[in-house]
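Close look at the chain arrangement
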Amino acid sequence: MGKIRSVFSKIRNVFTDREVRRNVILLLTAPVFPRLHLRLRIKYGHYTPENPIDLKHPKLFNEKLFWLQYYIYNKSPLVEQCYDKYLVRSFVEQQGCGDTLNPLYGVWDDMNDIPWDSLPERCAIKATSGWSNHTFRTHGETINPEEVKARLRRVEKKRITFAQEGITFAARGKQHYICEHLMTSNDGGFPNDYKFYCFHGEPKYVLWITDRFAGGEPIEVYKDIDWNDRQDICDEFGYANAPKPSCYDEMLEIARKLSAPFPFVRVDLYDIGGKPVFGELTFAPGGRHSAVAQKEMGELIHMERMKEYKKALCQ
């Protein structure tokens, strides 16, 4: 009996911690009570909207993204698959874009199974469900397995944060670990990133990013699909003259194919020596979009079609 009392005492002590209690409430409400979950996130200071969020009658871009997240994407096996950096590869192949996939050297269910001593001299090691904390091996330098595993574990902790934030499609599924080819630009640096904002299978805007790992703030430039400047969408980052890639038309076609099943998704591509290479699919893009963008992008997501998407994606 003494051991049982001790266990219950520890449980009671955990739930008297306010932050722990709040996080448990967020985890429990996200899947079944979307509007309550969002109100609690705002109340607890986990999210501070610039304007009130109306999930019942969404009009603005961020409102519709929340609606999609809670009512379709969190319930979609395809979205869950496409969030995973390894499992998405089969979807890319199914959509006829297999030639855009970055070469894969290995995939493991357990990070302890990674053959650290036989990895390629130039490669990227990533957890497949999550973001950041990648390890880049650029010139055959020695890899410290414990340091890399510590980074990979941080990604696992972020999955708990995603669940608290209501992005449950990013928190489910088995974590994998991959080693893939290290993509570089012609000068050996990190390649330019082209992120296509796609609505109902049609790209409408492009976010060009450069200098992501140069030590300072990255440069982010928004364009419309005709490559006209649209920096009014978001001006948080530095600006530069963005080069239109020689493979731009091919990128547009790839973005159309990969975004076809979804009401909204951002298709992230790289330009590697004039050839488009697939990066990832982003269903909940971050960043603060301007009031102009909120209204304009919001109008591009047609809520009257959501029954059609629920039927197709939530089986």
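Each remark here, short or long, concerns the structure printed above.
Rules behind the numbers
- Residues numbered from 1 in each chain as written.
- Predicted model: local features only at pLDDT ≥ 70, side-chain atom pairs only at ≥ 80, totals over all residues.
- Heavy atoms only, no water.
- Helix = DSSP H or I, 4+ residues; strand = E, 2+ residues; numbered from the N terminus.
- Rg over C-alpha atoms; globule rule 2.2 N^0.38 Å.
- Areas by Shrake-Rupley, 256 points an atom, 1.4 Å probe, with all protein chains shown as cover.
- Lys, Arg positive; Asp, Glu negative; His and termini not counted.
- Charge placed at Lys NZ, Arg CZ, Asp CG, Glu CD.
- Phe/Tyr/Trp six-rings, centres within 6.5 Å; stacked < 30°, edge-to-face > 60°.
- Buried < 20%, exposed > 50% of the residue type's maximum accessible area, 1.4 Å probe, protein only.
- Pairing = 2+ DSSP bridges.
- Axes fitted to C-alpha atoms, helices over the stretch in contact; angles between N-to-C directions.
- Contact = heavy atoms within 4.5 Å.
- Salt bridge = Lys/Arg side-chain N within 4 Å of Asp/Glu carboxyl O.
- Parallel < 35°, antiparallel > 145°, perpendicular 65-115°, else oblique.
- Nonpolar A, V, L, I, M, F, W, Y, C, P; charged D, E, K, R; others polar.
- Core = buried A, V, L, I, M, F, W, Y, C linked by side-chain atoms within 4.5 Å.
- Patch = residues over 30% accessible without salt bridge, like charges linked within 9 Å, V, L, I, M, F, W, Y side chains within 5 Å.
- Polar contact = N/O pair within 3.5 Å; in protein donor to acceptor, adjacent residues only side chain to side chain.

A word on the overall build of the chain
For the chain, the count of helices and strands is 10 helices and nine strands. Against the compact-globule benchmark of 20 Å for 315 residues, the chain has a radius of gyration of 21 Å, which places it among compact chains. Referenced to the eigenvectors of the C-alpha coordinate spread, the extents of the chain come out at roughly 70 × 55 × 40 Å. When the accessible surface of the chain is totalled, it reaches about 16100 Å², and 52% of it is carbon and sulfur. Within the chain, the 42 negative side-chain charges are centred at a point lying 11 Å from the centre of the 45 positive side-chain charges.

A short note on the packing of aromatic side chains
Each pair of aromatic rings is reported with the distance of its centres and the angle of its planes. Counting across every chain of the model gives 19 aromatic pairs. Ring centres of Y47 and F66 lie 5.3 Å apart, and the angle between their planes is 70 degrees; this geometry places the pair in the edge-to-face category. Of this pair, Y47 sits in the loop between helix 3 (34-43) and helix 4 (61-71) while F66 sits in helix 4, and the two are 19 residues apart along the sequence. When the centroid spacing of 6.2 Å and the interplanar angle of 75 degrees are considered together, the rings of F199 and Y205 count as edge-to-face. A relative accessible area of 3% places F199 in the buried class. Relative accessible area serves as the criterion here: at 4%, Y205 is assigned to the buried category.

Quick look at the sheet that holds strand 9 (residues 275-282)
In spatial order, the strands read 7-6-5-8-9; together these five strands make up an open sheet with antiparallel pairing. Here the strands that pair on one side only, and so sit at the sheet edges, are strand 7 (219-224) and strand 9. Each strand axis lies, on average, 25 degrees off the axis of its neighbour in the sheet, ignoring direction. One ladder, built from six bridges, connects strand 6 (residues 202-210) with strand 7; its direction is antiparallel. The residue of strand 7 that forms the bridge with Y205 is D224. Its contacts with the sheet place helix 8 (residues 248-259) against strand 5 (193-199), strand 6, strand 7, strand 8 (264-272) and strand 9, and it is angled at close to 145 degrees to strand 8.

Concerning the pattern of salt bridges
In this structure the tally under the stated criterion is 15 salt bridges. A salt bridge links E280 to K85, with the shortest nitrogen-to-oxygen separation between them at 3.8 Å. Residue E280 is found in strand 9, and its partner K85 is found in the loop between helix 5 (77-83) and helix 6 (88-94); the two are separated by 195 residues along the sequence. By relative accessible area, K85 is classed as buried at 14%. The residue D268 makes a salt bridge to R266 at a minimum N-O spacing of 2.9 Å.

Topic: the packing of helix 2 (residues 18-29) against helix 7 (residues 145-164)
Two numbers describe how helix 2 lies on helix 7: the axes approach to 8 Å, and their chain directions differ by 70 degrees. The angle between helix 2 and helix 7 falls in the class roughly perpendicular. For the pair formed by helix 2 and helix 7, the contact residues are N23, L26 and L27 on the first element and I160, A163 and Q164 on the second. Looking at the contact of helix 2 with helix 7 residue by residue, the class counts come to four nonpolar, two polar and no charged.

What to know about the nonpolar core
Of all hydrophobic cores here, the largest spans 63 residues; its most connected members are Y73, F196, F262 and L281. The element contributing the most residues to this core is helix 4, with seven residues. Setting aside chain neighbours within four positions, we find F196 in contact with P203, Y205, V206, Y248, M251, L252, A255, V265, R266, V267 and L269.

A closer look at a nonpolar patch on the surface
A cluster of nonpolar side chains, namely V32, F33 and L36, defines an oily patch on the protein surface of about 270 Å² accessible area. For V32, the location among the structural elements is in the loop between helix 2 and helix 3.

Some words on the environment of Y105
Note that Y105 resides in strand 1 (residues 104-108). A residue is classified by how much of its surface remains accessible, and Y105, at 39% relative accessible area, is partly exposed. Separated by 19 residues in the primary sequence, Y105 and A124 place their C-alpha atoms 9.6 Å from one another. Contact partners of Y105, with chain neighbours within four places excluded, come to P120, R122, C123, C179, E180 and H181. Within the local environment of Y105, its side chain forms a polar contact with the side chain of H181, the two groups lying 3.2 Å apart.

Quick word on the sheet that holds strand 3 (residues 135-137)
Overall, antiparallel pairing links the four strands, which are arranged 1-4-2-3 in an open sheet. Edge positions in the sheet fall to strand 1 and strand 3, since each of these pairs with one other strand and no more. On average, adjacent strands in this sheet sit at an angle of 15 degrees to one another, irrespective of strand direction. Note that strand 2 (residues 123-127) and strand 3 share three bridges and pair antiparallel.

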